[in-house]
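Remarks on the overall topology
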Amino acid sequence: AQSVTQLDSQVPVFEEAPVELRCNYSSSVSVYLFWYVQYPNQGLQLLLKYLSGSTLVKGINGFEAEFNKSQTSFHLRKPSVHISDTAEYFCAVSDPNFGNEKLTFGTGTRLTIIP
Amino acid sequence: DTGVSQNPRHKITKRGQNVTFRCDPISEHNRLYWYRQTLGQGPEFLTYFQNEAQLEKSRLLSDRFSAERPKGSFSTLEIQRTEQGDSAMYLCASISGSTHNEQFFGPGTRLTVL
């Protein structure tokens, strides 16, 4: 079975400061990894994904993440945050060898940008 | 707007009543997922359709829950004899093309059971 741990439930960051949101996963098989963002009263939007290849993945809105297989981590980073980045961020995994793409999500990290 | 739509956006009901939610996926998407998200938690997988066939159901989907996708287009999720524990956001996502493409999520239906 797969599981995802997001260690920080809330992260406050000053505007224009860098941020890292942590994600660790547990799986006995290879995984695909995703970061989604959820703005208030909206559905989830894909920020970026890792399927294979380069372990450094760049996504939308200036976010990037690095897949680290030895540490089973997929941390999300942004060098300079903006007020508009205030949202809930979810890390998720899926099994590439399974018959469908169902996602297993972490509990989320609420990112609050302080002006 | 050609995104995934869900109706209603909000539903308040009394315990014991039946409710039905609708999801309209992006038109060419053949795969459709339902997830449930409770407060402070990430979404949890409920069920999955490929075209009109329901191919997987989570253990979370008790006998009071039923989902359909007639003709492989829109999907409905019905909850019978609602309980307070059913209060949650119900999210629908659709996907097409190669496996593990992006899942496009709808805005969700927030259910409150009084």
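Before reading further, recall that the structure is shown in the block above.
Residues numbered from 1 in each chain as written. Chains lettered and ligands numbered in written order. Predicted model: local features only at pLDDT ≥ 70, side-chain atom pairs only at ≥ 80, totals over all residues. Heavy atoms only, no water.

For chain B, the count of helices and strands is 0 helices and 11 strands. Going residue by residue from the N terminus, the α and β elements of chain B occur as β-β-β-β-β-β-β-β-β-β-β. For 114 residues, the compact-globule estimate of 2.2 N^0.38 gives 13 Å, and the C-alpha radius of gyration of chain B, at 13 Å, lies within 12% of that figure. On the principal axes, the C-alpha backbone points of chain B span a range of 40 × 25 × 25 Å. (Helix = DSSP H or I, 4+ residues; strand = E, 2+ residues; numbered from the N terminus. Rg over C-alpha atoms; globule rule 2.2 N^0.38 Å.)

Moving on, we come to the interface of chain A and chain B. Much of the literature gives interface size as the accessible area that the parts lose upon coming together. Each side of the interface is counted separately: chain A has 23 residues, and chain B has 23 residues. The largest per-residue losses of area from chain A upon contact with chain B belong to Leu44, Glu101 and Lys102 of chain A, which jointly make up 31% of the total buried on that side. Across the contact surface, chain A and chain B share 2 salt bridges. As a salt-bridge pair, Glu101 of chain A and Arg31 of chain B come within 2.6 Å of each other at their nearest N and O atoms. Elements with a minimum of two residues in the side of chain A that touches chain B: strand 5 (32–38), strand 6 (44–50) and strand 10 (87–94) of chain A. Class assignment of the residues belonging to the side of chain A that touches chain B gives a composition of 10 nonpolar, 9 polar and 4 charged. (Contact = heavy atoms within 4.5 Å. Buried area = accessible area lost by both parts, 1.4 Å probe. Salt bridge = Lys/Arg side-chain N within 4 Å of Asp/Glu carboxyl O. Nonpolar A, V, L, I, M, F, W, Y, C, P; charged D, E, K, R; others polar.)

So, about the environment of Lys69 of chain A. Relative to the helices and strands, Lys69 of chain A resides in the loop between strand 8 (64–68) and strand 9 (73–78). Note: C-alpha distance between Lys69 of chain A and Thr55 of chain A (14 residues apart in sequence) is 9.0 Å.

Right, let's get into the sheet that holds strand 3 (residues 19–24) of chain B. Residue and element names in this part refer to chain B. With antiparallel pairing, the 4 strands of this open sheet are ordered in space as 1-3-8-7. Of all strands in the sheet, those with a lone pairing partner are strand 1 (5–7) and strand 7 (65–68), marking the two edges. On average, each strand axis in the sheet is tilted by 15° relative to the strand beside it, whichever way the strands run. Strand direction decides the pairing type here: strand 3 and strand 8 (residues 75–79), joined by 5 bridges, are antiparallel. Bridge assignment links Phe21 to a residue of strand 8, and that residue is Leu77. (Pairing = 2+ DSSP bridges. Axes fitted to C-alpha atoms, helices over the stretch in contact; angles between N-to-C directions.)

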